[in-house]
Amino acid sequence: MRCRILAVGSIKEKYFTDGIREYLKRLAPVFPVDISEVPDLPAPQSASPADVAQIIAREGERLLSHVPEDALLVALVIKGRELSSEQLAEKLNEWSFSGRRELIFVIGGSCGLAPAVLKRADFKLSFGPATYPHQLMRLILCEQIYRAVKINRHEPYHK
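The residue numbering used here restarts from 1 in each chain and proceeds along that chain's sequence as written. Confidence filtering applies because this is a predicted model: local features only for residues at pLDDT of at least 70, side-chain atom pairs given and counted only at 80 or more, and all residues used for totals across whole chains, interfaces and linings. To obtain the side-chain values, all non-hydrogen atoms of the structure were used and water was disregarded.

### Topic: the UniProt feature "binding site: S-adenosyl-L-methionine" (unreviewed entry) in the protein
Applicable threshold: UniProt positions are given in the numbering used here, feature names are shortened, and annotations may be inferred rather than shown by experiment. The secondary structure listing takes helices from DSSP runs of H or I that are at least 4 residues long and strands from runs of E that are at least 2 residues long, numbered from the N terminus. Only protein chains enter the accessibility calculation, which uses a 1.4 Å probe; a residue whose area is less than 20% of its type maximum is buried, one above 50% is exposed, and one in between is partly exposed. Pairs of residues are marked as contacts when any of their non-hydrogen atoms sit within 4.5 Å.
Here, the residues flagged by UniProt with the feature "binding site: S-adenosyl-L-methionine" (unreviewed entry) are Leu-76 and Gly-108. In sequence the annotated residues extend across 33 residues, while in space they remain close, none of their C-alpha pairs exceeding 7.7 Å. Note on placement: Leu-76 falls in strand β3 (residues 72-82). Judged by its relative accessible area of 11%, Leu-76 is buried. Beyond its immediate stretch of four places on either side in the chain, Leu-76 contacts Phe-105, Val-106, Ile-107, Leu-113, Leu-125, Phe-127, Met-137 and Leu-141. When you line up the elements, Gly-108 lands in the loop between β4 (102-107) and α4 (115-120). Among the residues examined, Gly-108 registers a relative accessible area of 7% and is labelled buried. If sequence neighbours within four positions are ignored, Gly-108 has contacts with Val-8, Leu-113 and His-134.

Written out as structure tokens, the structure reads:
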């Protein structure tokens, strides 16, 4: 199964890109993960709720245009299901044997994910009630995928 992280916007901070690159390198031999990005739209502080909804909807269209019909889509949202690392490992194993060709984790931009993306999602995953910058969320997700793979391979990883 192919695994991909699909995210709104690009990461410019070197400390994030270095961390993400390290986890992708560690994963490459056993569970390769690719990252795809769609451009984010500017969301000024003065944007009205209608403007924000329009931005979210347009970013959602961009995201969904990169999601094949037969892909298993996991949306990262605060109100999703919280899983321990062990439970995520079980889910990753389950998804790997689902018969789907691709597993896609989707991360929205600074305004969140569009209702259309949430409706299309096969699973909604949360890393807790705290709000994280979407750049940091990408790093956290890479680390958690790496941890889940290590758990599934019965390999040691720091606790």
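After that view, the rundown keeps rolling.
### Topic: the packing of aromatic side chains
The geometry of an aromatic ring pair is captured by the separation of the ring centres together with the interplanar angle, meaning the angle of the planes. Here is the rule we go by: We call Phe, Tyr and Trp rings a pair once their centres come within 6.5 Å, taking the six-membered ring for Trp, and we label the pair stacked below 30 degrees between planes, edge-to-face above 60, and tilted otherwise. Only when the NZ of Lys or the CZ of Arg is both within 6 Å of the ring centre and within 35 degrees of the ring normal is a charge said to sit over the ring.
Tallied over the full model, the rule gives four aromatic pairs. For the ring pair Tyr-23 and Tyr-146, a centre distance of 5.6 Å and an interplane angle of 50° mean the geometry is tilted. In this pair, Tyr-23 sits in helix α1 (residues 14-27) while Tyr-146 sits in helix α5 (residues 134-152), placing the two residues 123 residues apart along the sequence. In this structure, Tyr-23 and Tyr-146 share a single accessibility class: buried. Here the aromatic rings of Trp-95 and Phe-123 are separated by 5.4 Å at their centres, their planes lie at 70°, and the arrangement is edge-to-face. Residue Trp-95 is found in helix α3 (residues 85-96), and its partner Phe-123 is found in strand β5 (residues 123-126); the two are separated by 28 residues along the sequence. An identical accessibility class is assigned to Trp-95 and Phe-123; each is buried. Of note, Arg-26 hangs over the ring of Tyr-146, and the distance from its end group to the ring centre comes to 5.3 Å.

### Some details on α3
For the record, the criterion: To estimate the expected span of a helix, subtract one from its residue number and multiply by 1.5 Å. This arc is taken over the directions from the axis of the helix to the C-beta atoms.
For α3, which comprises twelve residues, the first-to-last C-alpha distance of 16 Å matches the rise-based estimate of 16 Å (1.5 Å per residue) to within 8%. Where α3 is concerned, the buried positions are Ser-85, Leu-88, Ala-89, Lys-91, Leu-92 and Trp-95. All buried residues of α3 lie within an arc of 165° about the axis, which places them on one face of the element. On its buried face, α3 sits against β3, β4, β5 and α5.

### Describing the pairing of strand β2 (residues 33-38)
In plain terms, the rule: Whether two strands pair comes down to DSSP finding at least two bridges between them. Handedness of a crossover: with both strands directed away from the viewer, a clockwise path from the first strand across the helix to the second marks it as right-handed.
Pairing analysis gives six bridges linking strand β1 (residues 2-8) to β2, with the strands arranged parallel. Considered in β2, the bridge of Leu-6 is made with Ser-36. Between β1 and its parallel partner β2, the chain crosses via α1, and the hand of that crossover is right-handed.

### Brief notes about the nonpolar core
Applicable threshold: Definition of nonpolar core: a set of buried residues of the types Ala, Val, Leu, Ile, Met, Phe, Trp, Tyr and Cys, connected through side-chain atoms within 4.5 Å.
Formed by 33 residues in total, the largest nonpolar core has its most connected members in Val-74, Leu-92, Trp-95, Phe-105 and Ile-145. Counting only elements with at least two residues in this core, the list comes to β1, α1, β3, α3, β4, β5 and α5. Take this core: its biggest share by element is eight residues, from α5. Phe-105 has contacts with Cys-3, Arg-4, Ile-5, Leu-6, Val-74, Leu-76, Leu-92, Trp-95, Leu-125, Leu-141 and Ile-145, leaving out every residue within four places of it along the chain. Judged by nonpolar contacts, the second largest core, of 16 residues, contains Val-38, Ile-56, Leu-63 and Val-77.

### A short note on unusual backbone geometry
A positive phi angle, near 55°, is found at His-154, a position not held by glycine. Residue placement: His-154 occurs in the segment after α5.

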